[in-house]
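Chain by chain, the residues:
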Amino acid sequence: MDLASLREQQIELASQVCREDRFDHNPPRLIAGADVGFEQGGDITRAAIVLLTYPSLEMVEYQVARVATTMPYIPGFLSFREYPALLAAWKLLSQKPDLLFVDGHGISHPRRLGVASHFGLLVDVPTIGVAKKRLCGRFDPLSEEPGACQLLIDKGEPLASVLRSKRRCNPLFVSTGHRVSLESALLWVNRCLRGYRLPEPTRMADAVASGRPAFTRWQAIQG
């Protein structure tokens, strides 16, 4: 595994990330959520993508793709491991979203290219990273109140909003993926919260991927 070459690719791709709002439709008509996991001891990469209408946030489509894992887990290079399955699921969608939430980091990455930025560039759609753990940077303590927010700063650069989305839950790291400003990323995540820690797009993608009750309830409603 030539990590030096991958590192160079990350730096080059990061330079192409658009950190400003470049929406084709604002407000979006369809918002997607994407989640990646691994099966069979990591041999299979599983990606789920859901489509939700806005503003109702009702799920209208989901696709799951499973592909052979092409590289081992290496911290800082996870997007290379995850994007092939995401692309496979993306190609299965009958329609494409106006805005995409990815469970993972955008620019809040040591080389400013987490999976949300990498995949957002590949499909050229406004993309937001919604991560559960910090990769780099520092932030001031958050209050326990839902909605509490601080900036994640790394080397003097603001990279994400650290958001307390729900009381007694760890914060989320909300960052620019591609074609979305940091301010708009936070705005849209807040607009898609419905009382859970995760915003609905990534919450439902996780539910589909893992067969959680939220997905089984949706299946029952569909008949």
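Note that the coordinates shown come from a computational prediction; the quantities given were computed from them, not determined experimentally. (Residues numbered from 1 in each chain as written. Predicted model: local features only at pLDDT ≥ 70, side-chain atom pairs only at ≥ 80, totals over all residues. Heavy atoms only, no water.)

Peer 1: I'd love a proper account of the packing of aromatic side chains, names of residues and values included.
Peer 2: Under the criterion given, the structure shown has three aromatic pairs. Centroid distance Trp90 to Phe119: 5.8 Å. Interplanar angle 90°. Geometry classified as edge-to-face. Here Trp90 is found in helix 2 (residues 78–92), whereas its partner Phe119 is found in helix 3 (residues 115–123), with 29 residues between them in sequence. Phe119 matches Trp90 in its accessibility class, with the two residues each being buried. Summarising the aromatic geometry, the rings of Phe139 and Phe173 are spaced 5.8 Å apart at their centres and angled 70° between planes, so their arrangement reads as edge-to-face. Taken together, the residues Phe139 in the loop between strand 5 (127–131) and strand 6 (149–154) and Phe173 in strand 8 (residues 172–178) connect sequence positions 34 residues apart. Among the residues examined, Phe139 registers a relative accessible area of 30% and is labelled partly exposed. Residue Phe173 is classed as buried on the basis of its relative accessible area, which comes to 4%. (Phe/Tyr/Trp six-rings, centres within 6.5 Å; stacked < 30°, edge-to-face > 60°. Helix = DSSP H or I, 4+ residues; strand = E, 2+ residues; numbered from the N terminus. Buried < 20%, exposed > 50% of the residue type's maximum accessible area, 1.4 Å probe, protein only.)

Peer 1: Help me get a handle on the UniProt feature "site: Interaction with target DNA" (unreviewed entry) in the chain, residues and values and all.
Peer 2: The sites that carry the UniProt feature "site: Interaction with target DNA" (unreviewed entry) are, in the present numbering, Tyr73. Of note, Tyr73 is situated in the loop between strand 3 (59–68) and helix 2. Those residues in contact with Tyr73, other than ones at most four positions away along the chain, are Leu78 and Arg81. (UniProt positions renumbered as here; feature names shortened; annotations may be inferred. Contact = heavy atoms within 4.5 Å.)

Peer 1: Any chance you could break down the UniProt feature "binding site: Mg(2+)" (unreviewed entry) in the chain for me, citing the residues and the numbers?
Peer 2: The sites that UniProt annotates as "binding site: Mg(2+)" (unreviewed entry) are Asp35 and Asp103. A stretch of 69 residues holds the annotated residues, and the largest C-alpha distance among them is 5.3 Å, short enough that they meet in one place. From the set just named, the residues that line the largest pocket comprise Asp35 and Asp103. Mapped onto the fold, Asp35 is located in strand 1 (residues 30–39). Look at Asp35 and you get buried, because its relative accessible area is 6%. Contacts of Asp35, omitting those with residues within four sequence positions, involve Arg46, Ala47, Ala48, Asp103, Ala205, Asp206 and Ala209. By the element assignment, Asp103 lies in strand 4 (residues 99–103). Excluding its chain neighbours within four sequence positions, the residues that come into contact with Asp103 are Ala34, Asp35, Val115, Val130, Lys132 and Thr202. (1 Å grid on protein atoms, 1.4 Å probe; cavity = no way out; pocket = protein on both sides within 12 Å on 5 of 7 lines; lining within 4 Å.)

Peer 1: Mind laying out helix 5 (residues 200–210), listing which residues take part and the relevant values?
Peer 2: Three or four residues apart is the spacing at which side chains of an α-helix point the same way, because the helix has 3.6 residues per turn. Counting buried positions along helix 5 yields ten of eleven residues, so the element is predominantly enclosed. Those residues of helix 5 not exposed but buried are Glu200, Pro201, Thr202, Arg203, Met204, Ala205, Asp206, Ala207, Val208 and Ala209. On its buried side, helix 5 packs onto strand 1, strand 2 (44–53), strand 3, strand 4 and helix 6 (213–222). After helix 5 finishes, the residue Gly211 shows a positive phi value of roughly 65°.

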